[in-house]
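Topology and contacts: notes
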There are 2 protein chains.
Amino acid sequence: MPGRNREIEALIEMMARLPGLGPRSARRAVLHLIKKRAVLLGPLADSMHKVAATARECSVCGNIGTTDLCEICADPKRTNGELCIVEDVADLWAMERGGAFRGRYHVLGGTLSALDAIGPEELRIPQLAARVAAEHISEVILALNATVDGQTTAHYIADELAPTGVRVTSLAQGVPIGGELDYLDDGTISAALRARKGI
Amino acid sequence: MPGRNREIEALIEMMARLPGLGPRSARRAVLHLIKKRAVLLGPLADSMHKVAATARECSVCGNIGTTDLCEICADPKRTNGELCIVEDVADLWAMERGGAFRGRYHVLGGTLSALDAIGPEELRIPQLAARVAAEHISEVILALNATVDGQTTAHYIADELAPTGVRVTSLAQGVPIGGELDYLDDGTISAALRARKGI
């Protein structure tokens, strides 16, 4: 485009490829970065270089960190024997923000999907069965998304683990905290009613 | 946060400060970058370093480029004598995408604002008067935003330039191309009616 420098153009194009940013917000972000180039653009580039050089997947659970064993797997204070299964690293981070779970994780790296030809071998499901045996796991908590693919994957894993005799649970489904019934979908209300409990 | 590495954490915090990104989209973007670190994160960091080292404001018009004189000011094929005044570099880029203007630009760097204590000296208004005299400008086109601050600034500049005798025009206001009357605000419809013309 005339009036725009080739290097700035290249930076905008790369930024526009990030999820959540389009061409317009990429232009805005790059202009903002250039205006604050001393305090923002330089340090951001340094930080990206650092992460690009050191980031790697944990060889045990699939979480992202900078060491072969991630901070959670290496933490001696976490409870052994409880394994929380999540689809993605973002879900692991979401669980950790909640702060209610003190065990270990296993990141699948996606869900089973016939449409996208993603079978158990494409996910970390074989490693999961191996961990359950090797780490003396007493409970596997399926924290998969409440989507069709997520629930299909949950059922597949529960079937796979049935012979091992390990206890398999999943997150409760119901009304979210602060949720208003009038704004909830019918499926959630039905699920919450079926799972009702005494006060 | 537990489970997240300090360097990754720092990168997410910096990304979350960009306009258009919040904490959640910054996390998503950083995870995406880490997953594609070889093809995306490294090159993006390189590109940012390059821009951080070379980006600068054009000493004449205020556009952003990598040379003292920006590509538009340095282009001998652009029409001399026509000066388009914009608030911001993003507006200059928007004008260039339109491709209808072939003259030179002058970036103010904002609008007059009593609330934010931004007077003519904080903008590039003194330089504008100097350019009008030095570059034998025949027409100054005010392409400022159709906001209160933008129009206040336009009137101020028109008053300032009145003694020089230069022709001062502004972008037409009316119905946008593809716009439906039913969705337009009353002010735009009134302005379009007042500025009606024969077919």
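Everything quoted here is computed from the prediction, not taken from an experiment.

This part covers the interface of chain B and chain A. Tallying the contact residues gives 55 residues for chain B and 55 residues for chain A. Summed over both partners, the interface of chain B with chain A buries about 5,300 Å², with 71% contributed by carbon and sulfur atoms. When residues of chain B are sorted by the area they lose upon contact with chain A, Pro19(B), Met48(B) and Trp93(B) head the list and together hold 13% of the total. Run the count over chain B and chain A and you get two salt bridges. Between Lys35(A) and Asp88(B) there is a salt bridge; the shortest N-O distance is 3.2 Å. At the junction of chain B with chain A, the criterion picks out six residue pairs in polar contact (both at pLDDT 80 or more). Contributions of two or more residues to the side of chain B that touches chain A are made by α1 (6-16), α2 (23-35), α3 (37-54), β1 (56-57), β2 (64-65), α4 (71-74) and α5 (89-98) of chain B. It is α3(B) that contributes the most residues to the side of chain B that touches chain A, 15 residues altogether. For the side of chain B that touches chain A, the residue count by class is 29 nonpolar, ten polar and 16 charged.

As a further point, take the environment of Arg102(A). Relative to the helices and strands, Arg102(A) resides in the loop between α5 (89-98) and β4 (104-107). Look at Arg102(A) and you get partly exposed, because its relative accessible area is 39%.

Residue and element names in this part refer to chain B. Contact pair helix α6 (residues 125-134) / helix α7 (residues 148-161): the axes reach a minimum separation of 11 Å and the direction vectors enclose 40 degrees. For the element pair α6 / α7, the angle class is oblique. Read as a crossing pair, α6 and α7 show a hand that is right-handed. Residue-level inspection shows Ile125, Leu128, Ala129 and Val132 of α6 in contact with α7, the latter providing Tyr156, Ile157 and Leu161. For the contact of α6 with α7, the residue count by class is seven nonpolar, no polar and no charged.

The next thing to look at is the relation of the copies chain B and chain A. Superposition record for chain B on chain A: RMSD 0.1 Å, screw rotation 180 degrees, translation along axis 0.0 Å. Overall, the copies show the geometry of a two-fold rotation axis. Judged by C-alpha distance, Ala45(B) is the residue of chain B that lies nearest the rotation axis, at 2.3 Å. Both copies contact each other with a shared surface, as 100% of the interface residues of chain B are interface residues in chain A too.

Right, let's talk about the domain arrangement of chain A for a bit. What the domain assignment reports for chain A is domain 1 (6-54) and domain 2 (78-170). Taking only C-alpha atoms, the centre of domain 1 of chain A and the centre of domain 2 of chain A are 35 Å apart.

Turning our eyes to something else, we now look at the UniProt feature "domain: Toprim" (unreviewed entry) in chain A. Within this structure's numbering, the places UniProt gives as "domain: Toprim" (unreviewed entry) are residues 81-176 of chain A. End C-alpha atoms of residues 81-176 of chain A are separated by 28 Å, and the span's content is 35% helix alongside 18% strand.

This next bit is on the pairing of strand β6 (residues 167-170) of chain B. All names here are of chain B. One ladder, built from four bridges, connects strand β5 (residues 139-142) with β6; its direction is parallel. Across the sheet, residue Val140 finds its bridge partner in β6, namely Val168. Read from β5 through α7 to β6, the crossover connection turns out right-handed.

Quick look at the side chain of Glu96(A) now. Tracing the backbone shows Glu96(A) in helix α5. Overall, Glu96(A) belongs to the buried group, its relative accessible area being 4%.

What counts and how
- Residues numbered from 1 in each chain as written.
- Chains lettered and ligands numbered in written order.
- Predicted model: local features only at pLDDT ≥ 70, side-chain atom pairs only at ≥ 80, totals over all residues.
- Heavy atoms only, no water.
- Contact = heavy atoms within 4.5 Å.
- Buried area = accessible area lost by both parts, 1.4 Å probe.
- Salt bridge = Lys/Arg side-chain N within 4 Å of Asp/Glu carboxyl O.
- Polar contact = N/O pair within 3.5 Å; in protein donor to acceptor, adjacent residues only side chain to side chain.
- Helix = DSSP H or I, 4+ residues; strand = E, 2+ residues; numbered from the N terminus.
- Nonpolar A, V, L, I, M, F, W, Y, C, P; charged D, E, K, R; others polar.
- Buried < 20%, exposed > 50% of the residue type's maximum accessible area, 1.4 Å probe, protein only.
- Axes fitted to C-alpha atoms, helices over the stretch in contact; angles between N-to-C directions.
- Parallel < 35°, antiparallel > 145°, perpendicular 65-115°, else oblique.
- Left-handed = near helix turned anticlockwise from the far one by under 90°.
- Least-squares fit on C-alpha atoms with pLDDT ≥ 70 in both.
- Domains from an automatic or database assignment.
- UniProt positions renumbered as here; feature names shortened; annotations may be inferred.
- Pairing = 2+ DSSP bridges.
- Right-handed = clockwise from strand over helix to strand, strands pointing away.

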